[in-house]
Structure formats: structure tokens, C-alpha cells
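Observations on the model geometry
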Amino acid sequence: MRKLLLGVVLVAFVILSFGKTLTIWIGGQVAELDETWNKIIKGFEQQYGINVEVQLFGFDTYYDKLVTALQAGKGPDLAFADLGGWVPTFAEKGWLEPLEEQIKNWEGTPQIWPNLWPTVTYNNVRYGLPWYTDCRLLLYNKTMFEQAGLDPDKPPRTWDELLEYAQKITDAKKRIYGYGVSGTKTEHTTLGYMMFLYAAGGKLLTDDYSRAAFNTPEGLKALKFYTDLAKKYGVSPNPIQYHEDDYRNMMAQNRIAMAIGGPWSFPLIEAANPNIVGKYSVALHPYDVQPASVLGGWALVIPKSSPNKEDAWKLASYLTSFDVWMKWIEEKGGPMPTRMDVCKASKLAKDPRWQVIFETFPHAVARPPIPQYPQISEQIQIMVQKVLLNELTPEEAIAIAADNVNKILGVK
């Protein structure tokens, strides 16, 4: 297979010696790992005698392509779906095959991290098999810590320390900043606010997802501190223009010392600057009253339109099997498996960076697994932007956002 170019699939392979053909669509950052996918899929074809056609998509194009196909009833036999609300959204529209019976009878079910199942559940029925996951942490540049006289082995633990470290590092005249605040009209901004919201002891929605829960003293404190890092203290570049992916690349060039990142950041920051290997690390993100993180990742789903549902499940369970995941980790060193047994048995267990990830993951919350989540996320992005642009006070912005979220949820 050839390298992924401009986020559009350039890869499709078909072994014509097999009679039956399955199609799988793979999106997101793992789509770039085309050579590994080639080996993994070839193993499935040889084991089951089923031909597989793979299409790889970059994240920026994948959602629209997948939705368009599902709406038209022309989707693949198996597809990746983001754990950030895609599965319940698609299930609510009737686009996905329920997988409850298959999951109940699958040997790997007890090994899936328990906090992942809600992300693929709609009306108490599971419609997806979590494949890989991650959680957000503090990504930081050890060299910039040293240059500011800070101990690179002692990253900040609290919000006060985060601000203190960021102020020591920031030199705006030299375009060097201590921390990157995401404020773009993208999901990065929602995730950034959620990190601070839950760290302050707040939450986005009520436990039954029926109404907004962030218009509280904790939610307001999180909004103020998150935006003040840029507005009041000036330790971040203009957050309206940048988000965590940009900050990772700036960190590779020693321009940003700290930002939100995760296990996906490792190969990407090293690709941006191979010389940074060993000069960056991760830690639990600084918090106010409790440790917090937000999880992400991808699940495998079977579209309702697939004529090969039984074989599609064979492929999904094969890809999520212990042996296949161990082979994947041995070759690529990541991403984070959804299987707890692989996390413990693989070489990841000996990597200090991954130890931080495994210790953080139990604190990670999922984005609300409801069809309305994309609209809710947009309201959070608008709220943060209004404060950053001084168009509304934090108090005004959070009240309006909560009211809009309640309307989206049908609260009267």
C-alpha cells in the first residue's frame, strides 16, 4: 500500500483468489499506518479465506464521507467510528447493526476497559466494539523546563503550579510560551474546557444526560482560569488561531512548553522533530480539586446496509483480538489498546510514558454518548470563544451556553 496523501484514501487491496470481499473504512491518525494494516489484514484473509478491501481516510475528510455513505445506504461492511459521540448518533439514525449479542458472547469482552462501553451504547444496546483508545494528559518540553530553571522531572501538579511554570517560561517577545490554550471553533476547544471543568469538580451534563450541568461555580471557575491563561496572564499564543495539534508542532520547535496531548502525540511530535526524542514527556494534567482527563479513540461498527454482517463481525473481533493487538504493539508501539490484558502484557507496560497513561486512564471521562453531542460541543466552543474575544463575560457566556444546551436537549 502507498502512503496516505492529503488525508484521502490511496490504498485499496484485493486478493482475487478469495471469493468473498469485505470492505473496511479506516479513519483518523492510525490510517497513516498503512504498512501495518497491510500485514494485519493479510493475516485475516489467510485465516478466514475472505478477501478484504481496505480504504484509509484522514480525519478531516472521513466523517463527511462516512455520513454521506451511511445516509445513502452504501457504507462499507465495517467502519471506524470516533468514540466522541459518533456511535450513538449513527445508531439513533438507524444506520448501524446492533452488536449486543455478539459482544455478550465474545471472549474479549471482559478485557475491554469498562469506561469505554458507554461510548458505543444507545438505548442500552451496544452498537460498536471499541478498538483503540487514549486519554488526554499534559505534554511538555523538558528542554524548555531546564532553560527556565525548572526541574523537568517535576511537572506542575496543580493549577497554581501550571500558571507559575508557564509564567516562568513565557517570553512573548521571543514568541516563546508556557502553555497552549485551544480556542478554535473545533472539538479541541471543547476537550480543553472539559479537562479544566472536570479538574475543578464539575461536569458537562447531568448523569442522565438530560440537561446542562456546567453552569455552576466549578464550571465558571474552569472557564475563567482556562481563558485567563491566554487573556489575563498571556502565557499562550492567540488561542483563537491555534489548537492542541498546532501546539504539538510548536513544542517540537521549542516554542511551546506545555499543552494538552496524549499517546497519539508521541510519533507525531517525533516526526515533526526527530531530535526531540527523549526531550519531552507526559504527566497527569494539572488539576484544581481532582485528577481529570477525557478519553477518545475509535470503535468498529457494522453498517445496517452491509450484506456481510457475520463476516464483518469476524473481522472486527479479529482486529480486537489479543494476538493481533500484541503484534500491533510490537511493531508500532501504540496506539493504546482497548484491551486491558494487552496493556499489561505488552512492552507498553515497561515504558514510563505509558505508565502515566495507564494511571491516568481510570480518571478519564467520555464525551456524552448521545446524538445531540455535536451540537452541545459547538455551544461550548462558542462559549469559550466569546470570552476569549471579550464579547461576553464568563458569567454571561456560560449562562447562554447552558441555556442553549438545555434547548438542544429539549428542556422546557
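Residues numbered from 1 in each chain as written. Predicted model: local features only at pLDDT ≥ 70, side-chain atom pairs only at ≥ 80, totals over all residues. Heavy atoms only, no water.

**Remarks on the overall build of the protein**
Heads up, the condition is: Secondary structure elements follow DSSP: runs of H or I no shorter than four residues count as helices, runs of E no shorter than two count as strands, and numbering proceeds from the N terminus. Radius of gyration: C-alpha atoms only; globule rule: 2.2 Å multiplied by the number of residues to the exponent 0.38. Burial classes: relative accessible area under 20% of the type maximum marks a residue as buried, over 50% as exposed, and values in between as partly exposed (1.4 Å probe, protein chains only). Only four residue types enter the charge count: Lys and Arg as positive, Asp and Glu as negative, with His and the chain ends excluded. The atom standing in for a charge is NZ when the residue is Lys, CZ when it is Arg, CG when it is Asp and CD when it is Glu.
On a plain count of helices and strands, the protein comes out with 16 helices and 13 strands. Here the C-alpha radius of gyration of the protein, 21 Å, is about what a compact globule of 412 residues would show, namely 22 Å. Over its C-alpha atoms, taken along the principal directions, the protein stretches across nearly 65 × 55 × 35 Å. Split into buried and exposed, the 412 residues of the protein put 56% on the buried side. Where the 42 positive side-chain charges of the protein centre and where its 45 negative ones centre are 2 Å apart.

**A closer look at the nonpolar core**
So the rule is basically this: Among the buried residues, those of types Ala, Val, Leu, Ile, Met, Phe, Trp, Tyr and Cys that are joined through side-chain atoms within 4.5 Å form a nonpolar core. Any two residues whose heavy atoms approach within 4.5 Å at even a single point are treated as in contact.
Residues I24, W37, Y62, F80, W131, L315 and L319 are the most contacted members of the largest nonpolar core, which totals 84 residues. Excluding residues within four positions of it along the chain, W131 makes contact with V30, W37, F80, W298, A299, L300, L319, T320, W325, W328, P337 and T338. Formed by 56 residues, the second largest nonpolar core is a distinct cluster that contains Y165, L191, A200 and V387.

**A word on the pattern of salt bridges**
So the rule is basically this: A pair is scored as a salt bridge if a Lys or Arg side-chain nitrogen falls within 4 Å of a carboxyl oxygen belonging to Asp or Glu.
Counting across every chain of the model gives 21 salt bridges. Among the ionic pairs, D82 bridges to R367, the shortest N-O distance being 3.6 Å. Here the residue D82 occupies a position in strand β3 (residues 78–82), and R367 occupies one in the loop between β13 (364–365) and α15 (373–388), the gap between them amounting to 285 residues. You can call D82 buried: its relative accessible area is 10%. For R367, a relative accessible area of 7% gives the class buried. When salt bridges that share partners are traced, they join K20, D311 and K314 into one network.

**Points about the side chain of R248**
You can see R248 is positioned in helix α9 (residues 244–252). Classification of R248 as buried rests on a relative accessible area of 9%. Discounting residues that sit within four places of it in the chain, R248 has contacts with L139, W264, S265, L268 and I269.

**Concerning the packing of helix α1 (residues 34–48) against helix α11 (residues 309–319)**
Heads up, the rule is: Helix axes are fitted only over the stretch in contact, all axes being lines through C-alpha atoms; the angle between N-to-C directions runs from 0 to 180 degrees. By definition in this entry, angles of less than 35 degrees are roughly parallel, angles greater than 145 are roughly antiparallel, angles of 65 to 115 are roughly perpendicular, and the rest are oblique. Two helices that cross are described as forming a left-handed crossing if the nearer one is turned anticlockwise from the farther one by less than a right angle, and a right-handed crossing if clockwise. Residues are grouped as follows: nonpolar covers Ala, Val, Leu, Ile, Met, Phe, Trp, Tyr, Cys and Pro; charged covers Asp, Glu, Lys and Arg; every other residue, Gly included, is treated as polar.
It is the contact of α1 with α11, at a shortest axis distance of 11 Å, that shows an interaxial angle of 130°. Viewed along their axes, α1 and α11 adopt a mutual orientation that is oblique. Handedness of the crossing formed by α1 with α11: right-handed. Facing α1, whose interface residues are W37, I40, I41, G43, F44, Q47 and Y48, α11 presents D311, K314, L315, Y318 and L319. Residues of the contact of α1 with α11, tallied by class, amount to eight nonpolar, two polar and two charged.

**Some details on the environment of Q379**
When you line up the elements, Q379 lands in helix α15. Classification of Q379 by relative accessible area gives buried; the value is 13%. With 25 residues separating them in the primary sequence, Q379 and N404 have C-alpha atoms 7.1 Å apart. Sequence-distant contacts of Q379, defined by excluding residues within four places in its chain, comprise A401, N404, V405 and I408.

**Quick look at helix α6 (residues 159–169)**
Our working rule: Throughout, the arc means that of the directions going from the helix axis to the C-beta atoms.
All of the buried residues along α6 are W159, L162, L163, Y165, A166 and I169. Mapping the buried residues of α6 onto a view down its axis gives an arc of 165°, with all of them on the same face. Tucked into the core, α6 has its buried residues touching α5 (142–147), β8 (177–179), α7 (187–199), α8 (217–231) and β9 (256–261).

**Observations concerning the state of the cysteines**
Heads up, the condition is: Cysteine sulfurs are considered disulfide-paired once they come within 2.5 Å of each other.
One pass over the structure, following the stated rule, counts zero disulfides. This cysteine, C135, is not joined by any disulfide, and C343 carries the nearest cysteine sulfur, 10 Å off.

**Focus: the pairing of strand β10 (residues 280–283)**
Just so we agree on the cut-off: One requirement defines pairing of two strands: DSSP has to find at least two bridges between them.
Neither face of β10 is left uncovered, since the one carrying Y280 and V282 and the one carrying S281 and A283 both have all their residues buried. With four bridges connecting them, strand β7 (residues 137–141) and β10 associate as antiparallel partners. By the bridge assignment for β10, L139 is matched with V282.

**Digging into α15**
Quick reminder: α-helices carry 3.6 residues per turn. Residues three or four places apart thus point the same way. Worth spelling out the cut-off: Residue count minus one, scaled by 1.5 Å, sets the expected span of a helix.
Here α15 contains 16 residues, and its C-alpha end-to-end distance of 23 Å stays within 8% of the 22 Å for a straight helix at 1.5 Å per residue. Of the positions making up α15, those classed as buried are Y373, I376, S377, Q379, I380, Q381, M383, V384, Q385, V387 and L388. Turning to α15, the residues buried within the fold contact α7, α8 and α16 (394–408).

**Some words on the confidence of the model for the protein**
Heads up, the rule is: Summary of the metric used: pLDDT quantifies the predictor's per-residue confidence within the range 0 to 100.
Averaged over every residue, the pLDDT of the protein is 92; the share at 70 or more is 94%. Note on residues 1–17: pLDDT under 50 across the span, and 45 contacts to partners over four residues away in sequence or across chains.

**Notes on the sheet that holds β7**
Paired through their backbone hydrogen bonds, the strands of a sheet run either parallel or antiparallel. Overall, mixed pairing links the four strands, which are arranged β8-β9-β7-β10 in an open sheet. Either end of the sheet is taken by a strand with one partner, and the two such strands are β8 and β10. The mean inter-strand angle of the sheet, taken between neighbouring strand axes irrespective of direction, is 25°. Pairing between β7 and β9: four bridges, direction antiparallel. The residue bridging L138 from the neighbouring strand is I260, located in β9.

**Remarks on the packing of α15 against α16**
For the pair α15 and α16, interaxial distance at closest approach is 9 Å and the crossing angle is 165°. On the basis of their axis angle, the class for α15 and α16 is roughly antiparallel. The hand of the α15/α16 crossing is right-handed. Contacts between α15 and α16 involve Q375, I376, Q379, M383 and V387 from the first element and P394, A397, I398, A401, N404, V405 and I408 from the second. Residues that form the contact of α15 with α16 fall into these classes: nine nonpolar, three polar and no charged.

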